[in-house]
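Examining the three-dimensional arrangement
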Amino acid sequence: MYRDLTRGSISRSLILFALPMIAGNLLQQFYNIADTLIVGRALGSGALAAVGSAYTLMTFLNSIFLGLSMGAGALFSIYRGRGDERSLRLGIVHAFGLILGVTLLLNAAVYLFLEPILCFLRTPEIVAPGMREYLRIIFVGLLATSLYNYLSCLLRALGNSTVPLVFLAVSALLNVGLDLIFVLVFHWGIAGAAWATVLAQWVSDVGMLGYFLTKCKHLLPQKSELHYERSILHEILQLSALTCVQQSVMNFGILMVQGLVNSFGETIMAAFAAAVKIDTFAYLPVQDFGNAFSTFIAQNFGAGNRQRLREGTRKAFLLSFLFSAVISALVFLLAEPLMGLFVNAGETAVIAAGMRYLRIEGACYFGIGWLFLLYGYYRAIQKPMMSVILTVISLGTRVTLAYLLSGLIGVTGIWLSIPIGWALADGFGLTKLLAQRKNAAFLE
């Protein structure tokens, strides 16, 4: 189903379009949750620390692919809003070639530089063998993840957020089933968890590609249109490159924080690995709402619906705040049982450290919810540099304060740096947005 976001009730359109995206990303996180849950329970805190650190690295790598796809998706939405079908078809092919090339180069690089990567992350010797084994396998799925992200962003940009959900649902169930078989039945350990994720990723990617080639033939260019067009590639690069920078800078900052966390030892590593999964799962809905909002803005920007843009922005920020407040309250109150899902009850130090993280960061989810809206807004109106600036403010503050405060008050300083970074970026982004809205030509 393709949803036209340029007409109808704004709140209803945003929510209905966002719901399949939210469900899909929750399922995608279920891949990682399943690995963490089964590894933590069956293999212990050492294996949990290895898989958790690998997850942070994989999030950084995936952010590069996702950033390229999200930038291209914003442009596809603008083309659809304008009714420019020729540019849309050409853009799809040009973006596919760009993303495929970047993925293959990056895939080769991570295998070549695996040992320097482990060194950069300050991986303890006791954890390094398991992390090395996990990464060598999980890297096999990078191409599948990249192409799935591209096809998902493409369909969502055009108003179809349901089909990606269907393929993710199948893949998530497969991932959990294979995890149980490979780890608990075959006793393959960390390697089993990695292979379960890789196989599930490839099933999802092949399924999406088959759907696109059979059901979306009208989106493929005709033979006469199959040629390089510099203006199209230039527009894609303008949005995709900066969106990629924004996404990768954000996750590179998190990667640097992971290295700092690793320096506090296995207990903090394990606590962080479990808490981050809970944390990411909790604020995923507002992240996907921000992506849905970006598609809404891009379609209406392309169609020239200025008043609808203004009204939609007001409603989106209110909805994000209300949802974040509910999730924050739940995470704060349920921090202990949530940690208990991933860590055996006897590992009290790990649970206590994870609870402290969740109660500091979890109380401030509205901050990251608004930040996702700002990222999506500026990307959609073809001002992606603002998203980069907001990311630099947020992550620059987070990394700097994490290193400063951890030396003064220990690991709690790392946790406190996160909401402070969100607050500063939100303040700057909202100030610029309100100032620009006073200018009648700010969307021209």
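The structure presented is a predicted model; accordingly, all values stated were derived computationally and were not measured. (Residues numbered from 1 in each chain as written. Predicted model: local features only at pLDDT ≥ 70, side-chain atom pairs only at ≥ 80, totals over all residues. Heavy atoms only, no water.)

1. Some remarks on the overall build of the protein
We apply this condition: Numbering of helices and strands starts at the N terminus; helices are DSSP runs of H or I of at least 4 residues and strands are runs of E of at least 2. It is over C-alpha atoms that the radius of gyration is taken, and the globule rule equals 2.2 Å times the number of residues to the power 0.38. Per-residue accessibility, obtained with a 1.4 Å probe over protein chains only, is compared with the maximum for each type, and a residue is labelled buried under 20%, exposed over 50%, and partly exposed between these values. In this description, contact between two residues means that some pair of their heavy atoms is separated by no more than 4.5 Å. Using the Shrake-Rupley algorithm and a 1.4 Å probe, accessible areas are obtained, with residue cover drawn only from the displayed protein chains. In summary, the charge assignment counts Lys and Arg as positive and Asp and Glu as negative, without counting His or the chain termini. A charge is said to be at NZ when it belongs to Lys, at CZ for Arg, at CG for Asp and at CD for Glu.
When its secondary structure is counted, the protein shows 16 helices and 0 strands. A compact globule built from 444 residues should have a C-alpha radius of gyration of about 22 Å, and the protein, at 21 Å, falls within 12% of that. Judged by the C-alpha coordinates and their principal axes, the protein covers about 60 × 45 × 35 Å. In the protein, buried positions account for 58% of the 444 residues. Contacts in the protein between residues at least 24 apart in sequence constitute 83% of all its contacts with a sequence separation of at least 6. Of the roughly 17,000 Å² of accessible surface on the protein, a fraction of 69% belongs to carbon and sulfur atoms. Charge centroids of the protein, computed over 30 positive and 21 negative side chains, lie 10 Å from each other.

2. With respect to the packing of helix α11 (residues 306-333) against helix α14 (residues 365-380)
Test applied: Note on definitions: angles span 0 to 180 degrees between N-to-C directions of axes, and those axes are lines fitted to C-alpha atoms, for helices only across the stretch in contact. Our angle categories are set so that under 35 degrees counts as roughly parallel, over 145 as roughly antiparallel, 65 to 115 as roughly perpendicular, and the remainder as oblique. The hand of a helix crossing depends on one turn: near helix anticlockwise from the far one by less than a right angle means left-handed, and clockwise means right-handed. Residues are sorted three ways: Asp, Glu, Lys and Arg are charged, Ala, Val, Leu, Ile, Met, Phe, Trp, Tyr, Cys and Pro are nonpolar, and all the rest, Gly among them, are polar.
Running from N to C, α11 and α14 cross one another at 150°; their axes reach a closest spacing of 8 Å. By the angle between their axes, α11 is roughly antiparallel relative to α14. Two packed elements cross with a definite hand, and for α11 against α14 that hand is right-handed. Only Y365, F366, G369, W370, L373, L374 and Y377 of α14 make contact with α11, whose side of the interface consists of T313, A316, F317, S320, F321, S324, I327, S328 and V331. Considering only residue class, the contact of α11 with α14 consists of 11 nonpolar, 5 polar and no charged.

3. Details of empty space enclosed by the protein
Here is the rule we go by: Here a cavity denotes grid points, spaced 1 Å and computed from the protein atoms alone, that fit a 1.4 Å probe unable to get out, and a pocket denotes an open set having protein on both sides within 12 Å along at least 5 of 7 lines; residues with an atom within 4 Å of a point are the lining. Grid points are joined across faces, edges and corners, and a volume is the space filled by probe spheres set on the points.
A full pass over the atoms with the stated rule returns 2 cavities of 30 Å³ or more. Here the second largest cavity defines a volume of roughly 60 Å³. Along its surface, the second largest cavity is lined by 10 residues, and M70, Q247, N291, F372 and R379 are the ones closest to its centre. At the level of elements, α9 (230-262), α10 (266-303) and α14 are the ones that each hand at least two residues to the lining of the second largest cavity. Sorting elements by how many residues they give to the lining of the second largest cavity places α14 first, with 4 residues. The residue inventory of the lining of the second largest cavity, partitioned by class, reads 4 nonpolar, 5 polar and 1 charged.

4. A look at unusual backbone geometry
Unlike most non-glycine residues, H187 shows phi in positive territory, near 60°. Mapped onto the elements of the fold, H187 is located in the loop between α7 (163-185) and α8 (190-215).

5. Considering the packing of helix α6 (residues 142-157) against α7
Each pair of packed helices can be summarised by the angle the axes make with each other and by the distance between the axes. In the contact formed by α6 and α7, the axes pass within 9 Å of each other and the chain directions differ by 145°. Facing Y148, S152, L155 and R156 of α6, the residues of α7 in contact are V163, P164 and L168. For the contact of α6 with α7, the residue count by class is 5 nonpolar, 1 polar and 1 charged.

6. A word on the side chain of N160
In plain terms, the rule: Pairs of N or O atoms within 3.5 Å make up the polar contacts considered here, provided that, within protein, one atom can donate a hydrogen while the other can accept it, and that residues adjacent in sequence are counted only when both atoms are side-chain atoms.
The residue N160 is located in the loop between α6 and α7 in this model. Of note is the side chain of N160, whose polar atom sits 3.1 Å from the backbone nitrogen of T162.

7. Quick notes on a nonpolar patch on the surface
Threshold: Patch building starts from residues that exceed 30% relative accessible area and form no salt bridge, then joins like charges within 9 Å and nonpolar side chains (Val, Leu, Ile, Met, Phe, Trp, Tyr) within 5 Å. The salt bridge definition used is simple: a Lys or Arg side-chain nitrogen within 4 Å of an Asp or Glu carboxyl oxygen.
A cluster of nonpolar side chains, contributed by Y111, V140, L180, I181, L184, V185, F186, W188, W195 and L199, occupies part of the molecular surface with about 880 Å² of accessible area. Every element with two or more residues in the nonpolar patch is listed here: α7 and α8. For I181, the position within the fold is in helix α7.

8. Observations regarding the packing of aromatic side chains
Operational definition: The pairing test for Phe, Tyr and Trp rings, Trp by its six-membered ring, is centres within 6.5 Å, and the orientation test on the planes gives stacked under 30 degrees, edge-to-face over 60, and tilted for anything in between.
Tallied over the full model, the rule gives 18 aromatic pairs. Taken together, a centroid distance of 5.8 Å and an interplanar angle of 85° make the contact between F366 and W370 edge-to-face. Within this pair, F366 and its partner W370 are both found in helix α14, separated by 4 residues, close to a single helical turn. Using a relative accessible area of 34% as the deciding quantity, one classes F366 as partly exposed.

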